[in-house]
Amino acid sequence: MFRRLFTRNRRNEAIAYSLYGAIVAQARQPALYTEFAVPDTLDGRFDMIVLHGFLLFHRLKDESAEDRQVGQDVFDIFLKDMDGTLREMGVGDISVPKKLKKMAEAFFGRIRAYDEALLSGERAKLVDAIERNVFPDGASAAVGERIADYVEAAVVALAAQPLPVILSGKLDYSSLPTPSAAA
């Protein structure tokens, strides 16, 4: 009985790793950095992982608490990945927790901004949230509009994916529009 309480479900962990892998693979699509002009920097790549993570979390948000747990598992893997990345970059052990806290705050701030923008139904809010987070130094309005098109199309595409397929770890980002198609 205690083993069940204190050990993670290996199947769920494998599913969460598969979903996180799909998020990262989509966030690394070259077209995001070429056609959408997302900065190909640590910050730009972070923002694309967060954006694609948001798409999964948004898809799961109206599901049962048990089904939404996979989102928490994916977030935990994200933090573990960021921890490893920081250490590979040479960040010292004492600084890693502080940097992870900032990353988690940025993650949740962006998730909240994107979610509130979509819920408002006001496209300008989504464009603003994208421009503010992905392009803090400024970008042309057309770029923010194009990414908003991509996000809106991705929300529809993910909503069409059956929950059992997603919860099996087979999130299919290939059904999402490519940046060229979102234009």
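Residues numbered from 1 in each chain as written. Predicted model: local features only at pLDDT ≥ 70, side-chain atom pairs only at ≥ 80, totals over all residues. Heavy atoms only, no water.

With an unreviewed UniProt entry as reference, the protein chain is termed Cytochrome b pre-mRNA-processing protein 3, source organism Kaistia defluvii.

Draft legend 1. Local environment of helix α5 (residues 65-88). Along its 24 residues, α5 runs 35 Å from first to last C-alpha, staying within 8% of the 34 Å computed at 1.5 Å per residue. When α5 is considered as a whole, its buried residues turn out to be V70, G71, D73, V74, F75, I77, F78, M82 and L86. With its phi angle positive at about 95 degrees, G90 sits one or two positions after the end of α5. (Helix = DSSP H or I, 4+ residues; strand = E, 2+ residues; numbered from the N terminus. Expected span 1.5 Å × (residues − 1). Buried < 20%, exposed > 50% of the residue type's maximum accessible area, 1.4 Å probe, protein only.)

Draft legend 2. Quick look at the pattern of salt bridges. This structure, assessed with the given rule, holds ten salt bridges. For E35, the salt bridge is made with R146, and the minimal N-O distance between the two is 3.9 Å. Of this pair, E35 sits in the loop between α3 (30-34) and α4 (42-60) while R146 sits in helix α8 (residues 141-160), and the two are 111 residues apart along the sequence. A salt bridge links R45 to D40; its shortest N-O distance comes to 2.7 Å. One network of salt bridges, with partners in common, ties together R123, E145, D149 and E152. (Salt bridge = Lys/Arg side-chain N within 4 Å of Asp/Glu carboxyl O.)

Draft legend 3. Summary view of the packing of α5 against helix α6 (residues 96-120). In contact at an axis separation of 10 Å, α5 and α6 are set at 135 degrees when each is read in the N-to-C sense. With respect to α6, the axis of α5 lies oblique. In the packing of α5 onto α6, the handedness of the crossing is right-handed. Taken together, the residues of α6 that come into contact with α5 (itself represented by F75, F78, L79, M82, D83, L86 and R87) are V96, K99, L100, M103, A104, F107 and F108. Class assignment for the residues of the contact of α5 with α6 results in eleven nonpolar, no polar and three charged. (Axes fitted to C-alpha atoms, helices over the stretch in contact; angles between N-to-C directions. Parallel < 35°, antiparallel > 145°, perpendicular 65-115°, else oblique. Left-handed = near helix turned anticlockwise from the far one by under 90°. Contact = heavy atoms within 4.5 Å. Nonpolar A, V, L, I, M, F, W, Y, C, P; charged D, E, K, R; others polar.)

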